[in-house]
Amino acid sequence: MAAKGKFSAVMMVMMGILVITAQVSEAAMSCSTVINGIYPCYNYVMNGGDVPAACCNGIKSLNNAAKTRSDRQSVCSCLKSMAKGISMNFDNIASLPTKCGVNVPYKISPDMDCAK
């Protein structure tokens, strides 16, 4: 359960940043959608190494799906909630957008402001 919690936290922070860059639309995304999208990234986030193709596919899919500001804020909030109290490698998280070919104009961090 601790590993699952660590994964969820790492993935939430990472996806919050990625999704914030998506186009604007109107519906909020669920945490389960976020978790499912970022799950394949868990081993990379925790251990480094090669980024699995499934991880990049999930990140790209979430980024494309987060059409509205509300969507992006929901993803960010979900990621931050999962990250509370969990030790993870934020350098690995922050490197994912570039490694997956997704443009994110800011650094992924546990201190990101989901309201912006």
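Above this note sits the structure.
Definitions and cut-offs
Residues numbered from 1 in each chain as written. Predicted model: local features only at pLDDT ≥ 70, side-chain atom pairs only at ≥ 80, totals over all residues. Heavy atoms only, no water. Helix = DSSP H or I, 4+ residues; strand = E, 2+ residues; numbered from the N terminus. Buried < 20%, exposed > 50% of the residue type's maximum accessible area, 1.4 Å probe, protein only. Areas by Shrake-Rupley, 256 points an atom, 1.4 Å probe, with all protein chains shown as cover. Axes fitted to C-alpha atoms, helices over the stretch in contact; angles between N-to-C directions. Parallel < 35°, antiparallel > 145°, perpendicular 65-115°, else oblique. Contact = heavy atoms within 4.5 Å. Nonpolar A, V, L, I, M, F, W, Y, C, P; charged D, E, K, R; others polar.

Asks: Tell me what's going on with the overall build of the protein chain, and back it up with residues and numbers.
Replies: Regarding its fold elements, the protein chain presents six helices and zero strands. Across the protein chain, helices and strands are ordered from the amino to the carboxyl terminus as α-α-α-α-α-α. Sorting the 116 residues of the protein chain into buried and exposed places 46% on the buried side. Counting only carbon and sulfur atoms, one obtains 50% of the accessible surface of the protein chain, whose full area is about 5800 Å².

Asks: Tell me what's going on with the packing of helix α2 (residues 31-38) against helix α5 (residues 69-83), and back it up with residues and numbers.
Replies: Viewed as axis vectors pointing N to C, α2 and α5 meet at an angle of 75°, and their least axial separation amounts to 9 Å. Taken together, the axes of α2 and α5 are roughly perpendicular relative to one another. Here α2 contributes Cys-31, Val-34, Ile-35 and Ile-38 to the contact with α5, which in turn contributes Val-75, Cys-78, Leu-79 and Met-82. Residue composition of the contact of α2 with α5, grouped by class: eight nonpolar, no polar and no charged.

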